[in-house]
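Listed below are the residues making up each chain.
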Amino acid sequence: MRDKIKSEAELAEVIDRHRAAGRKVVFTNGCFDLLHVGHVRYLEKARSLGDILVVAVNSDRSAARLKGPSRPINGEQDRAEVVAALACVDYVTVFDEIDPHRIISLLRPHVLVKGGDWTRETTIGREIVEEAGGEVVIVPYVEGISTTGLIDRIVRSRGGALRRSSPER
């Protein structure tokens, strides 16, 4: 699975080869902090829209800027490795910006996929993909499932604080 994780430069070369071979490249991005069923269904749907699924994972720095100082829970390399372990994901890269505009410009995917909190019009990188003849697809959320909701449930179940009952091993 670690061979699925590429630097942006490596990924650009690999994607160029896939594109030259006529494969349809699908791109999405996100923090993927605590992987849950909503993420899995979203990524499986994204993969069904083409031949190659590329997932760009926000770096720790960009995730903290987006989600707040207590996030991410898991580090960028761990998050990238967990996403790469999914069969539906072909390649993963970590990006440091607050939005994926630059990496979308670099990779030029055929399909850009975002979750239900976005619209086609508000999707960052839409113009790059559509100007090249590609499409933007919005995948609806799985109702009641989110990383923030999961963290809140964990904290509530522990009386408002995350405490360990025994030392970490």
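Fair warning: this is a prediction, and the values are worked out from it, not measured in the lab. (Residues numbered from 1 in each chain as written. Predicted model: local features only at pLDDT ≥ 70, side-chain atom pairs only at ≥ 80, totals over all residues. Heavy atoms only, no water.)

Student: Would you mind going over the overall build of the protein with me for this structure?
Tutor: Looking only at helices and strands, the protein has seven helices and five strands in total. For the protein, the sequential pattern of α-helices and β-strands runs α-β-α-β-α-α-β-α-β-α-β-α. Compactness check: the protein gives a C-alpha radius of gyration of 17 Å against a globular reference of 15 Å for 169 residues, within 12% of the reference. Seen through its C-alpha atoms, the protein measures out along the principal axes to roughly 55 × 35 × 25 Å. (Helix = DSSP H or I, 4+ residues; strand = E, 2+ residues; numbered from the N terminus. Rg over C-alpha atoms; globule rule 2.2 N^0.38 Å.)

Student: Got a minute to help me understand helix H2 (residues 37–47) in this structure?
Tutor: Residues lying three or four places apart along an α-helix face the same way, a consequence of the helix completing one turn every 3.6 residues. What H2 keeps buried is the set Gly38, His39, Tyr42, Leu43 and Ala46. Relative to the axis of H2, the buried residues are bounded by an arc of 125° and lie together on one face. (Buried < 20%, exposed > 50% of the residue type's maximum accessible area, 1.4 Å probe, protein only. Arc of directions from axis to C-beta.)

Student: Could you clarify how one ought to interpret the nonpolar core in this entry?
Tutor: Across soluble globular proteins, nonpolar side chains show a tendency to be buried alongside one another. With 20 residues, the main nonpolar core has Leu43, Val55, Val83, Val89, Val92 and Val113 as its most contacted residues. Among the secondary structure elements, those contributing two or more residues to this core are H2, strand S2 (52–58), helix H4 (76–84), strand S4 (111–115) and strand S5 (135–139). Setting aside its immediate chain neighbours within four residues, Val83 contacts Phe32, Leu43, Val55, Val57, Val89 and Val92. Membership of the second largest hydrophobic core comes to 18 residues, among which are Phe27, Ile104, Leu112 and Val129. (Core = buried A, V, L, I, M, F, W, Y, C linked by side-chain atoms within 4.5 Å. Contact = heavy atoms within 4.5 Å.)

Student: Hey, could you run me through the sheet that holds S4 in this one?
Tutor: The strands that make up a sheet are held in pairs by hydrogen bonds between backbone atoms, and each pair lies either parallel or antiparallel. Strand order in the open sheet formed by five strands is S3-S2-S1-S4-S5, with parallel pairing between adjacent strands. The two strands at the open ends of the sheet, each matched to only one other strand, are strand S3 (91–95) and S5. Recorded for the sheet is a direction-independent mean angle of 25° between the axes of neighbouring strands. For strand S1 (residues 25–30) and S4, the ladder comprises two bridges, and the chain directions are parallel. When the bridges of S4 are listed, Phe27 appears paired with Leu112. (Pairing = 2+ DSSP bridges. Axes fitted to C-alpha atoms, helices over the stretch in contact; angles between N-to-C directions.)

Student: Looking at this model, I keep getting lost on the pattern of salt bridges. Mind explaining?
Tutor: A full pass over the atoms with the stated rule returns 12 salt bridges. Residue Arg102 pairs with Glu8 through a salt bridge whose shortest N-O separation is 2.7 Å. Of this pair, Arg102 sits in helix H5 (residues 101–107) while Glu8 sits in helix H1 (residues 8–20), and the two are 94 residues apart along the sequence. Take Arg102: its relative accessible area is 37%, and that puts it in the partly exposed class. Relative accessible area serves as the criterion here: at 17%, Glu8 is assigned to the buried category. Of the charged contacts in the structure, one is a salt bridge between Arg47 and Asp90, with a shortest N-O distance of 3.0 Å. (Salt bridge = Lys/Arg side-chain N within 4 Å of Asp/Glu carboxyl O.)

Student: Just to check I follow, could you spell out H4 for this structure?
Tutor: Those residues of H4 that fall on the buried side of the exposure criterion are Arg79, Ala80, Val83 and Ala84. With its buried residues spanning 135° around the axis, H4 presents them on a single face.

Student: Explain the pairing of S4 to me, please; I cannot follow it from the model alone.
Tutor: Along a regular strand, successive side chains alternate from one face of the sheet to the other. Most of S4 is tucked away, with five of its five residues classed as buried. Burial along S4 is two-sided: Val111, Val113 and Gly115 and Leu112 and Lys114, pointing in opposite directions, are all buried. Taken together, the five bridges between S4 and S5 define a ladder with parallel strand orientation. Among the inter-strand pairings, Leu112 is bridged to a residue of S5, identified as Val136.

Student: Whenever I open this one, the pairing of S3 confuses me. Can you help?
Tutor: Within S3, four of the five residues are buried, leaving the element largely enclosed by the surrounding structure. Pairing analysis gives five bridges linking S2 to S3, with the strands arranged parallel. Each residue of the ladder has a partner; that of Asn58, found in S3, is Phe95.

Student: How should I be thinking about the environment of Val54 in this particular structure?
Tutor: Its location among the elements puts Val54 in strand S2. Overall, Val54 belongs to the buried group, its relative accessible area being 0%. When the C-alpha positions of Val54 and Arg102 are compared, they lie 15 Å apart, and in sequence the two are 48 residues distant.

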